[in-house]
Amino acid sequence: MKPYYRKATVEDALYVANNLQPEDLAECIGLGHSPLALPFCVVSSDVAVVFCDIDGTIGGIAGITPDESPDVGVIWMLCTPHLTRKPHTFVRQARKWLKEQTNYRLLWNVADARNKFHHKLLKMLGFNALRTVYPPPYYLPYLEIVKLCV
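The text that follows walks through the structure, step by step, so that each part is easy to find.

About the criteria used
Residues numbered from 1 in each chain as written. Predicted model: local features only at pLDDT ≥ 70, side-chain atom pairs only at ≥ 80, totals over all residues. Heavy atoms only, no water. Helix = DSSP H or I, 4+ residues; strand = E, 2+ residues; numbered from the N terminus. Rg over C-alpha atoms; globule rule 2.2 N^0.38 Å. Buried < 20%, exposed > 50% of the residue type's maximum accessible area, 1.4 Å probe, protein only. Contact = heavy atoms within 4.5 Å. Areas by Shrake-Rupley, 256 points an atom, 1.4 Å probe, with all protein chains shown as cover. Lys, Arg positive; Asp, Glu negative; His and termini not counted. Charge placed at Lys NZ, Arg CZ, Asp CG, Glu CD. Phe/Tyr/Trp six-rings, centres within 6.5 Å; stacked < 30°, edge-to-face > 60°.

Side note on the overall build of the protein chain
- Scanning the protein chain for helices and strands turns up five helices and seven strands.
- Here the protein chain has a C-alpha radius of gyration of 14 Å; the compact-globule value for 150 residues is 15 Å, and the two agree.
- Taken over the C-alpha atoms alone, the protein chain extends approximately 40 × 35 × 25 Å along its principal axes.
- Taken across its 150 residues, the protein chain has 47% of its residues classed as buried.
- Considering only residue pairs separated by 6 or more positions, the protein chain has 66% of its internal contacts joining residues 24 or more positions apart.
- Working note: accessible area of the protein chain is about 8,100 Å², and carbon and sulfur atoms make up 60% of it.
- Seen as two clouds, the 16 positive and the 14 negative side-chain charges of the protein chain have centres 10 Å apart.

This is the structure in structure tokens:
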């Protein structure tokens, strides 16, 4: 079997929430979010998927939530430590998934400026950092990221 992605379930979200990479956990907490809100993110997303290795191990979960403008989406992604073993496998699957997202002209979010692994992944997926922002409640540095999907 090849690496694959599929529609995420609430059970997948709970698995990822309980097995987050330390950097991803710090990113959630820095924004004032609990990883236990991840099932809600899956349910409220327009599309949410999990990225799996050949043995079915989940390396990450991602989704897109519609923003105020109908053709703009807020993309999110959280990873398990399994992803760091085979990041190129994840990137290939994530690229395929992103190409399928034709409902959006623009995807954006913020990423912890300290999370260097995420920066590499985002760059490989075609995202650009626009500026540094300091969102509440802790006002830590986050990079505003964007990808044009036209």
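After presenting the structure, the write-up continues.
What to know about the packing of aromatic side chains
- According to the stated counting rule, one finds three aromatic pairs in the structure shown.
- Seen from their ring centres, Tyr5 and Phe51 are 6.0 Å apart, and the 50 degrees between their planes marks the pair as tilted. Residue Tyr5 is found in strand β1 (residues 4–7), and its partner Phe51 is found in strand β2 (residues 47–52); the two are separated by 46 residues along the sequence.
- With a relative accessible area of 4%, Phe51 lands in the buried category.

Function-wise, these values are silent; they only describe arrangement.
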